Amino acid sequence: MHTHRNATEATHAALAGGISMAVLVVGLGGLALGIPWAWVAFPVGYGGVLPLALGLAKRRETEREAAAEQRTERTDDGPLATLRDRYARGEIDEREFETRVEGLLETEG
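Bear in mind the structure is a predicted one, so any value in this text is a computation, not a measurement.

A. Broad picture of the nonpolar core. Within the largest apolar cluster, 5 residues are counted, these being Ala16, Ile19, Val23, Leu50 and Ala53. At the level of elements, helix 1 (2-32) and helix 2 (41-75) are the ones that each hand at least two residues to this core. Considering each element in turn, this core owes the most residues, 3 residues, to helix 1. Setting aside chain neighbours within four positions, we find Leu50 in contact with Ala16, Ile19, Ser20 and Gly45.

B. Looking closely at the packing of aromatic side chains. According to the stated counting rule, one finds 2 aromatic pairs in the structure shown. Where Trp37 meets Trp39, the ring centres are 6.0 Å apart and the plane angle is 35°; that geometry is what we call tilted. On the basis of relative accessibility, which here comes to 47%, the residue Trp39 falls in the partly exposed class. Centre to centre, the rings of Tyr87 and Phe97 are 4.9 Å apart; their planes meet at 25°, and the pair counts as stacked. Of this pair, Tyr87 sits in helix 3 (residues 79-88) while Phe97 sits in helix 4 (residues 94-108), and the two are 10 residues apart along the sequence. On the accessibility criterion, Tyr87 (35% relative accessible area) is partly exposed.

C. Broad picture of the pattern of salt bridges. Summed over all chains, the structure comprises 5 salt bridges. The partner of Glu63 in a salt bridge is Arg59, with the nearest N and O atoms 3.3 Å apart. With a gap of 4 residues between them, Glu63 and Arg59 both fall in helix 2, about one helical turn apart. By relative accessible area, which is 46% here, Glu63 ends up partly exposed. The salt bridge partner of Arg89 is Glu91, with a shortest N-O separation of 2.9 Å. Accessibility expressed as a relative area gives 46% for Glu91, which makes it partly exposed. Beyond isolated ion pairs, a larger network of salt bridges with shared partners links Arg86, Arg89 and Glu91.

Analysis parameters
- Residues numbered from 1 in each chain as written.
- Predicted model: local features only at pLDDT ≥ 70, side-chain atom pairs only at ≥ 80, totals over all residues.
- Heavy atoms only, no water.
- Core = buried A, V, L, I, M, F, W, Y, C linked by side-chain atoms within 4.5 Å.
- Buried < 20%, exposed > 50% of the residue type's maximum accessible area, 1.4 Å probe, protein only.
- Helix = DSSP H or I, 4+ residues; strand = E, 2+ residues; numbered from the N terminus.
- Contact = heavy atoms within 4.5 Å.
- Phe/Tyr/Trp six-rings, centres within 6.5 Å; stacked < 30°, edge-to-face > 60°.
- Salt bridge = Lys/Arg side-chain N within 4 Å of Asp/Glu carboxyl O.

Encoded structure:
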């Protein structure tokens, strides 16, 4: 979990760095070229584009985590699913499968 969090933070930091660099290039480049309204790049970039991009990145990551959690919940059916998988892979025969299923049903009831 910590590795995933560190990777996400690194991705967000790279995004913020890229946007900051773009804002600086556009703003300072425009000022150097004598464009009178070039200063607008700074408040628009840092006050609008940067927070919007980071917010969208965080929202996308949250949605991705929620989807992964739902997949985990759907595939985690417990002992019966494990038995089915083992039977399907040929690790246990039909008799062993039926015996274990009966044992599970007895413990549930």
